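Next come the chains, spelled out residue by residue.
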Amino acid sequence: MKRILFVCTGNICRSPMAAAILQSKIDELGLADEVEVVSAGVYAEAGYDASRFAVSVLGHRGIDLARHKSRAVTVELLKRSDIILVMEEAHRK
């Protein structure tokens, strides 16, 4: 299985939204058994809910983000990811 990792700052808005949108498209294409999409934050504290605004926006598009819990980027997560996409240049550095 391939893993795509989205990275932002706190892992409560941008990267979880991007991951959920891509996961939705992957599910629609029937590729859920082949691709896993995850998100994390460079300054994230573990266990926080997604932003209520992010949950609301995606909810209007039929994508559920209500169960998301924030997590920090780790070396292990980076090593296990095949593609890493960042929200800002600073996240790459």
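Our subject in this report is the structure included herewith. Note that the coordinates shown come from a computational prediction; the quantities given were computed from them, not determined experimentally.

### Comments concerning the layout of surface pockets
Okay, step 1: Counted as a void, the largest pocket has a volume near 200 Å³.
Okay, step 2: Lining the largest pocket are 14 residues, and of these Pro16, Ala19, Ala20, Gln23 and Val37 sit closest to its centre.
Okay, step 3: Contributions of two or more residues to the lining of the largest pocket are made by helix 1 (14–28) and strand 2 (35–41).
Okay, step 4: When residues in the lining of the largest pocket are grouped by element, the largest group, six residues, is from helix 1.

### Remarks on the pattern of salt bridges
Two side chains that carry opposite charge are able to pair once their charged atoms sit near each other.
Okay, step 1: Taken as a whole and assessed by the stated rule, the structure comprises six salt bridges.
Okay, step 2: Residues Glu36 and Arg3 are paired through a salt bridge, measuring 2.8 Å at the closest nitrogen-oxygen approach. Here Glu36 is found in strand 2, whereas its partner Arg3 is found in strand 1 (residues 2–8), with 33 residues between them in sequence.
Okay, step 3: In this structure, the salt-bridge partner of Lys69 is Asp49, at a minimum N-O distance of 2.3 Å. Of the two residues, Lys69 is situated in the loop between helix 2 (52–59) and helix 3 (75–79) and Asp49 in the loop between strand 2 and helix 2; the sequence distance between them amounts to 20 residues.
Okay, step 4: Looking at Lys69, the relative accessible area reads 47%, which means it is partly exposed.
Okay, step 5: Take Asp49: its relative accessible area is 44%, and that puts it in the partly exposed class.

### Concerning the pairing of strand 1
Okay, step 1: The buried fraction of strand 1 amounts to six of the seven residues, a majority that puts the element mostly inside the structure.
Okay, step 2: Handedness of the β-α-β unit built from strand 1, helix 1 and strand 2 comes out right-handed.
Okay, step 3: Where strand 1 and strand 3 (residues 83–86) come together, four bridges link them in parallel fashion. Bridged to Val7 within strand 3 is Val86.

### Points about unusual backbone geometry
Okay, step 1: At Asn11, a residue that is not glycine, the phi angle is positive and equals roughly 60°.
Okay, step 2: Tracing the backbone through its elements, the reader meets Asn11 in the loop between strand 1 and helix 1.

What counts and how
Residues numbered from 1 in each chain as written. Predicted model: local features only at pLDDT ≥ 70, side-chain atom pairs only at ≥ 80, totals over all residues. Heavy atoms only, no water. 1 Å grid on protein atoms, 1.4 Å probe; cavity = no way out; pocket = protein on both sides within 12 Å on 5 of 7 lines; lining within 4 Å. Points joined across faces, edges and corners; volume = space filled by probe spheres on them. Helix = DSSP H or I, 4+ residues; strand = E, 2+ residues; numbered from the N terminus. Salt bridge = Lys/Arg side-chain N within 4 Å of Asp/Glu carboxyl O. Buried < 20%, exposed > 50% of the residue type's maximum accessible area, 1.4 Å probe, protein only. Right-handed = clockwise from strand over helix to strand, strands pointing away. Pairing = 2+ DSSP bridges.

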